[in-house]
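The lines below spell out each chain.
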Amino acid sequence: MPLDIETRFLCLADFEPAARELLPHAVYEFIAAGAGEEITKRDNEAAFDRIRLRPRVLRDVTRLDTGITLFRQSLQHPLILAPIAYQRLVHPEGEVAAARGAGAAEAVFTLGTTATAAIEDCVAVSQSPVWFLLYWQSDRGFNGELVSRMAALGAKAISVTVDMPTPGDRRRQFRAGFKIPDSLATPYFKDRNTGVLKVGTAQRRAMPTWADIAWLRSLTTLPLILKGILDPDDASWRSEPVPMPSSSRTTVRVTSTPCRRPSTPCPPSRSGWPDGFPSSSTAG
Ligand SMILES: Cc1cc2nc3c(=O)[nH]c(=O)nc-3n(C[C@H](O)[C@H](O)[C@H](O)COP(=O)(O)O)c2cc1C
C-alpha cells in the first residue's frame, strides 16, 4: 500500500500498521512491545481511553492560545517528544528527522543518551527547543561532562531517567531476536558495550541518587527534569539529607508507568505531590 500521508495517516493509530508493514519484525517488536505480561501497557491505554472531554459552548473562540511557559521556556503547546532510543533503526536520518518533525509541529524534541545522531544536527534542524535525556552511566565524571557538553551545544533542558535500575523484561523483542547492530553508532552511550544494559539479563544499571542529582544541579543552570518518579514520597529532596541549590525549583516529575501503582493514578493527579513541581505524563 502506498504511504500517502494525506489518505493513510489520519490519526496516530494509523502509524502502527504502517510500521508493522515496513519495519523488520524484530525492530517493530522493540518499539511496540511492553515489558512482562504488558499489564502496564494495557492499563495505560485503557486509562487514556477513559478520558472524556467536556465540550464548552457559547464562548468566543476567535482567538485560541494553547501556549504555556514551562521551565522558563515559552512553548506553543505542552507537547514534548519523549526520548526514544536508537532512531536510526527506523530511518536513515534517525533523531535528526524526528527533531525536524518536532520543530515543524512546534513541539519540544528530547534526544536520548542512546541517540544515533549528534545533538548539533538536531538543534540545527529544529526551531523548537531540544532537550537532552541523560541515562546515568557508571562513569560519574562522564555523566557530568555529557551534561556540560549538551548545555554548550544547545540543549535547553536536561532530563534524567531515574526509573530504570534494570532493563525491562521485554519478552516480545527477545523472542524476535532483537539486537542493536554494532554498526549503529551511539556517541553519548559509553556504557553500551560494557554489558551493563544488555537486554535479557538481570544486571543492574548504574543509577543516580539524590546526591548525584544535587551534583548535576551544580553543573548547569539548565532546567533539570527527573523522568520516572512514580510516588509522591520519592518526589521531595527535602526529606533527603542532600542540600539542593535553589535553582532546583525547576525540577519536574514525569511518570511513565503510572497505572502500576495504586498511589499514582493515570494521568497523574496533583494530590500528594510537593508544591512547585510542574508535572507531566509520558503518555501511556
Ligand atoms: C522503543 C522505545 C525506546 C525508548 N527509549 C528510551 C530512552 O532511551 N530513554 C528513556 O528515558 N525512555 C525511553 N523510552 C520510554 C519513553 O520515553 C516513554 O517514557 C515511554 O514509552 C512511555 O510513553 P508511551 O506510553 O507514549 O510509550 C523508550 C520507549 C520506547 C517504546
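Reading guide: rules and limits
- Residues numbered from 1 in each chain as written.
- Predicted model: local features only at pLDDT ≥ 70, side-chain atom pairs only at ≥ 80, totals over all residues.
- Helix = DSSP H or I, 4+ residues; strand = E, 2+ residues; numbered from the N terminus.
- Core = buried A, V, L, I, M, F, W, Y, C linked by C-beta atoms within 7 Å.
- Buried ≥ 20, exposed ≤ 12 C-beta atoms within 10 Å, placed from the backbone.
- Contact = placed C-beta atoms within 7 Å.
- pLDDT = per-residue confidence, 0-100.
- Arc of directions from axis to C-beta.
- Pairing = 2+ DSSP bridges.
- Right-handed = clockwise from strand over helix to strand, strands pointing away.

Student: Give me the lowdown on unusual backbone geometry, citing residues and values where you can.
Tutor: Positioned with a positive phi, Leu 58 is a non-glycine residue whose angle comes to about 60°. Positionally, Leu 58 belongs in the loop between helix 4 (39-49) and strand 1 (68-70). The residue Phe 71 is not glycine, and still its phi comes out positive at about 55°. With respect to the secondary-structure elements, Phe 71 resides in the loop between strand 1 and strand 2 (73-75).

Student: Describe the nonpolar core, and please don't skip the residues or the numbers.
Tutor: Counting residues in hydrophobic clusters, the biggest one holds 40 residues, and the most contacted among them are Phe 109 and Ile 158. Here the element with the most residues in this core is strand 5 (residues 130-135); it accounts for 6 residues. Apart from residues no more than four positions distant in its own chain, Phe 109 is found in contact with Leu 81, Ala 98, Ala 99, Ala 102, Cys 122, Ser 126, Ser 128 and Val 130.

Student: Provide a residue-level description of the environment of Ile 84, including the pertinent values.
Tutor: Relative to the helices and strands, Ile 84 is located in the loop between strand 3 (80-81) and helix 5 (95-104). On the neighbour-count criterion, Ile 84 (18 C-beta atoms within 10 Å) is partly exposed. In this structure, the C-alpha to C-alpha distance between Ile 84 and Ala 115, residues 31 residues apart in sequence, is 8.0 Å.

Student: Before we move on, could you go through the confidence of the model for the chain and cite the residues and values that matter?
Tutor: When pLDDT is averaged across the chain, the result is 84; 78% of the residues are at 70 or more. Predicted confidence is poor over residues 252-267, with pLDDT under 50, and the contacts of this stretch with residues over four places away or in other chains come to 48 contacts.

Student: Could you give an account of the environment of Asp 191, with specific residues and numbers?
Tutor: Positionally, Asp 191 belongs in the loop between helix 8 (171-175) and helix 9 (210-219). Linking Asp 191 and Asp 139, residues 52 residues apart in sequence, is a C-alpha distance of 8.4 Å.

Student: Give a detailed account of helix 5, specifying residues and quantitative values.
Tutor: Of all the residues in helix 5, the buried ones are Glu 95, Val 96, Ala 98, Ala 99, Ala 102 and Gly 103. Angular distribution of buried residues about the axis of helix 5 spans 160°; they occupy a single face of the element. In this structure, the buried residues of helix 5 make contact with strand 3, strand 4 (108-112), helix 6 (119-125) and strand 5.

Student: Tell me what's going on with the pairing of strand 5, and back it up with residues and numbers.
Tutor: Burial analysis of strand 5 places 6 of its 6 residues in the buried class, the great majority of the element. Burial along strand 5 is two-sided: Val 130, Phe 132 and Leu 134 facing one way and Trp 131, Leu 133 and Tyr 135 facing the other are all buried. As defined by bridge partners, strand 4 adjoins strand 5 across 4 bridges and the pair is classed as parallel. In the strand pairing of strand 5, Leu 111 is matched with Phe 132. Crossover handedness for the path strand 4 to helix 6 to strand 5: right-handed.

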